[in-house]
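Observations on the three-dimensional arrangement
Letter by letter, the chains look like this.
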Amino acid sequence: MAELVSTLDIYNVIRKTLGCMDKEVLQHGEITAYIFYNMLLAEGGYTNVELAEYTLIGMLHDVGIIKTGFSSKNGVGDYETNNVWAHSVYGYLFLKYLSPVEDKADIILYHHLPYYLHSRIKSKHLKVTQYLTLADKMDVFMRMSGHGMEQDYFTTQADIKFSAKALELFHLAQAKFQFLEKLKTNEYAKELQDLFEGASLSEKVKKGFLEMLVYAIDFRSQQTVIHTMSTKTFAVELGRLLRVPTMDLQALYYGALLHDIGKVAIPVSILEAPRRLNDDEMRIMKAHVVISDKILRGALDDKIVEIAARHHEKLDGTGYPRGIQGEELTQLERIIAVADILSALYGKRSYKDSFPPEKIKGILQGDADSGKICPKVVQVAIGSFDKIIQNYEKERDVTMERYMEIVNQYESIYERFKSFET
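Residues numbered from 1 in each chain as written. Predicted model: local features only at pLDDT ≥ 70, side-chain atom pairs only at ≥ 80, totals over all residues. Heavy atoms only, no water.

Right, let's get into the overall build of the protein. Tallying secondary structure elements over the protein gives 22 helices and 0 strands in all. Over its C-alpha atoms the protein spans a radius of gyration of 23 Å, differing by no more than 12% from the 22 Å that the globule rule assigns to 422 residues. When the backbone C-alpha atoms are referred to their principal axes, the protein occupies close to 75 × 45 × 35 Å. Put simply, the protein has 422 residues, and 60% of those count as buried. (Helix = DSSP H or I, 4+ residues; strand = E, 2+ residues; numbered from the N terminus. Rg over C-alpha atoms; globule rule 2.2 N^0.38 Å. Buried < 20%, exposed > 50% of the residue type's maximum accessible area, 1.4 Å probe, protein only.)

So, in structure tokens, the structure goes:
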């Protein structure tokens, strides 16, 4: 069976999402990952798949800033040099509970811990962590004016702030690959593309990285976490019941998972508004669809992009953002539209409780009768309502257990790291 989403596609979605947050966040993650990759390559002994996974971890090493409230006004240097534990801990928890590389999560947890404290921790990934630490510091020093790092930092702080062996490997990698010159010419971007084009991550791992990215974004708002998960579950359940072919079901899964990825650019104050949004706020909220399209377009198959970008379109042309109607909307796009509405009706909001089943069925039927959404999809949704909800609630419980585990563990781990400062 042909591959619908490649390893390269995963990388491109991640980089475009980070770029949508802030271009400096993207550049710091990408350059740190590139330095990290070259150090691992110089050491040798890693498969292409391992190099791809480690490089993605390097790209995402600061993913915790999604939760800690990154401000583009302060720039990357601020979260790289001030209160470093918060984003390190959240990044670790995201990888541990939401990603396919949970066994490597402590690489992110410890990437800001000074080398002289490494004797106080246990990790089977300390050596690789030390490489990431060095790569991270090198980018801050070389590209971001050091942010308070002394000019002789790498001479005086070896085996204090960072591993001297990691610095030796950095110089070995530079001698072998001249990768710093490639950073100046942007040749590094092509090299990273080649790495991911040549690696073949499993379908489970690819899905896992995208789920982690989406749920990390959604983590800013518990309501958003549940909405994404429920829309994905409802869409796939409806697709199965409608006997959608396997490849189309895969496209539906990815489109539903990523349909709200544009919310990475929407303020939390709007995502978590304790009331219905006013007109100005609604205009901002509606922009998430266009932003999702911008992130996904060119990175994934057009079928997936259209599923994500058309989830608010209506058969009668009253939807947004493009007012598409009728036969222009495919079966998969009609399914995601119903799944999204079902999710909104069944989900709780700060200003409303979950609607009872009969009211939900009535609203769906009313929208179908008025020509807004597909009657065939609605008929299946209503006819199998109990089964669809039952399967959703099983997945919801698992997701919320992970969510609460992250919430509960954050404070204790954060306090442990604060103790390292004394």
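Having seen the model, we can carry on.
For K161, the position within the fold is in the loop between helix 9 (153–156) and helix 10 (164–177). Residues K161 and V49, 112 residues apart in the sequence, show an inter-C-alpha distance of 30 Å. Among residues more than four places away in sequence, those in contact with K161 are P114, Y115, T133, K137 and Y153. (Contact = heavy atoms within 4.5 Å.)

Before going further, it helps to spend a moment on the packing of helix 17 (residues 279–296) against helix 18 (residues 302–309). Two numbers describe how helix 17 lies on helix 18: the axes approach to 9 Å, and their chain directions differ by 170°. Accordingly, the angle class assigned to the pair helix 17 and helix 18 is roughly antiparallel. Note on packing geometry: the crossing formed by helix 17 with helix 18 is right-handed. Here V289, D293 and L296 of helix 17 lie close against helix 18, whose contacting residues are V305, A308 and A309. Partitioning the contact of helix 17 with helix 18 into residue classes produces 5 nonpolar, no polar and 1 charged. (Axes fitted to C-alpha atoms, helices over the stretch in contact; angles between N-to-C directions. Parallel < 35°, antiparallel > 145°, perpendicular 65-115°, else oblique. Left-handed = near helix turned anticlockwise from the far one by under 90°. Nonpolar A, V, L, I, M, F, W, Y, C, P; charged D, E, K, R; others polar.)

One can describe the packing of helix 1 (residues 7–21) onto helix 2 (residues 23–43) by two numbers: an axis separation of 6 Å at closest approach and a directional angle of 140°. Of the possible angle classes, the one that applies to helix 1 and helix 2 is oblique. Where helix 1 approaches helix 2, its residues Y11, R15, L18 and G19 are matched on the opposing element by K23, V25, L26 and E30. Residues belonging to the contact of helix 1 with helix 2 are distributed by class as follows: 4 nonpolar, 1 polar and 3 charged.

From the geometry alone we can't say anything about function, so treat these as descriptive.
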